[in-house]
Amino acid sequence: MSARSSIPLMSGTESVTEGTGKKLILIGYHHQICDPRTTLLTLLIINVLVFGSVPPEIVALAAALTAVLLATQSVGKSLWLFLAVTYGCIALYVVLPVIVSNWLIVIIATTAYWTARLALTFGLCGFLFLSTKVSVLIAALAAIKVPRALIVPFAVMLRFIPMVIDELKSIIDAMRLRGVVSGSRDVLIHPVRTAEYT
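All values derive from a computational prediction rather than experimental measurement.

Turning to the packing of aromatic side chains, a few remarks are in order. One pair of aromatic rings is described through two measures. These are the centre distance and the angle between the planes. Applying the stated criterion across every chain yields a total of 3 aromatic pairs. Note on F51 and W114: the rings are 5.9 Å apart at their centroids and 20° apart in plane angle, and the pair reads as stacked. On the criterion of sequence distance, the pair formed by F51 in the loop between α1 (36–50) and α2 (56–71) and W114 in helix α4 (residues 103–131) is long-range, its members being 63 residues apart. By relative accessible area, F51 is classed as partly exposed at 32%. Overall, W114 belongs to the partly exposed group, its relative accessible area being 40%. One aromatic cluster is present, formed by F51, Y93, Y113 and W114 through successive ring pairs. Above the face of the Y113 ring, R117 is positioned so that its terminal group lies 3.7 Å from the ring centre.

Next up on the list: the nonpolar core. Considering soluble globular proteins, one finds that nonpolar side chains tend to be buried as a cluster. Counting residues in hydrophobic clusters, the biggest one holds 24 residues, and the most contacted among them are V50, V59, F82, I90, Y93 and L120. Among the secondary structure elements, those contributing two or more residues to this core are α1, α2, α3 (77–99) and α4. If sequence neighbours within four positions are ignored, L120 has contacts with V50, V59, A62, A63, T66 and F82. If you look at the next biggest cluster of nonpolar residues, it comprises 7 residues, including V134, L137, L141 and L158.

Our next topic: a nonpolar patch on the surface. Taken together, the side chains of F129, V152, V156, M157, F160, I161, M163, V164 and I165 make up a nonpolar region of the molecular surface, amounting to roughly 780 Å² of accessible area. In terms of residues, the nonpolar patch owes the most to one element, helix α6 (residues 148–178), which gives 8 residues. Within the secondary structure layout, F129 lies in helix α4. Take F129: its relative accessible area is 39%, and that puts it in the partly exposed class.

Structurally, T66 can be placed in helix α2. Using a relative accessible area of 0% as the deciding quantity, one classes T66 as buried. Sequence spacing of T66 and L79 is 13 residues, and the spatial spacing of their C-alpha atoms is 9.5 Å. Once you skip the residues sitting within four places of it in the chain, T66 turns out to touch F82, L120, G123 and L124.

Attention now moves to the confidence of the model for the protein. Here the protein shows a mean pLDDT of 79. Residues at 70 or above account for 82%. Taken as a whole, residues 1–18 scores under 50 in pLDDT and shows 34 contacts with residues more than four places along the chain or in a different chain. Low confidence marks residues 24–31, where pLDDT is under 50. Its contacts with residues over four positions away, or in another chain, come to 32 contacts.

This part is about the packing of α2 against α3. For the pair α2 and α3, interaxial distance at closest approach is 10 Å and the crossing angle is 175°. Considering the angle they form, α2 stands roughly antiparallel to α3. Across the interface between the two elements, P56, V59, A60, A63, A64, T66, A67, L70 and A71 of α2 pack against L79, F82, L83, T86, Y87, I90, Y93 and V94 of α3.

Attention now moves to the pattern of salt bridges. Following the criterion strictly, the structure yields 2 salt bridges and no others. Its salt-bridge partner being D35, residue R37 comes within 2.9 Å of it at the nearest N-O pair. A residue is classified by how much of its surface remains accessible, and R37, at 24% relative accessible area, is partly exposed. Across the salt bridge formed by R176 and D173, the nearest N and O atoms sit 3.2 Å from each other. Residue R176 and its partner D173 are both found in helix α6; the two are separated by 3 residues, about one turn of the helix. What makes R176 partly exposed here is its relative accessible area of 36%. D173 sits in the partly exposed class, given a relative accessible area of 41%.

Criteria and cut-off values
Residues numbered from 1 in each chain as written. Predicted model: local features only at pLDDT ≥ 70, side-chain atom pairs only at ≥ 80, totals over all residues. Heavy atoms only, no water. Phe/Tyr/Trp six-rings, centres within 6.5 Å; stacked < 30°, edge-to-face > 60°. Helix = DSSP H or I, 4+ residues; strand = E, 2+ residues; numbered from the N terminus. Buried < 20%, exposed > 50% of the residue type's maximum accessible area, 1.4 Å probe, protein only. Lys NZ or Arg CZ within 6 Å of the ring centre and 35° of its normal. Core = buried A, V, L, I, M, F, W, Y, C linked by side-chain atoms within 4.5 Å. Contact = heavy atoms within 4.5 Å. Patch = residues over 30% accessible without salt bridge, like charges linked within 9 Å, V, L, I, M, F, W, Y side chains within 5 Å. Areas by Shrake-Rupley, 256 points an atom, 1.4 Å probe, with all protein chains shown as cover. Salt bridge = Lys/Arg side-chain N within 4 Å of Asp/Glu carboxyl O. pLDDT = per-residue confidence, 0-100. Axes fitted to C-alpha atoms, helices over the stretch in contact; angles between N-to-C directions. Parallel < 35°, antiparallel > 145°, perpendicular 65-115°, else oblique.

This is the structure in structure tokens:
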């Protein structure tokens, strides 16, 4: 028995053999709500389902599932915003065309139709990012033999987005200290003035 094989894995870890024969150790893998591969599969299935031709009831059920998943991550106000946008848009594209029929209502209903579906995608992606560490997700993708040419750009993207958000928060805080803006609302009201300082 070699020294390497006699070292037990830590509690809450799992070893996965990559396609090249290397062993990867997924630390903290069992402490998540669900396996990252399951989350990715759920994301794929729900997106294929809701972007197809399905009745609004299916979209509402998918939104309920997404809301339950997001609630496990303690997202607070974001959960209520997700629910309001998704169910509000579902109500708009179902009810408005029945009440009134003109070109403006068609534009509003079509926008609401696609916004409800995109909100589901963003909600599920948010759950994936909040519930899964990037290193665990990369190891899980390697375990299902996703090509490395896809894993590396995906990992860079996942690590880049939080960094950009943190930098944007720092810039807004610095602008508040200098008196350029008083809050996030000013950033939206005066985008040109905000852009001068970013």
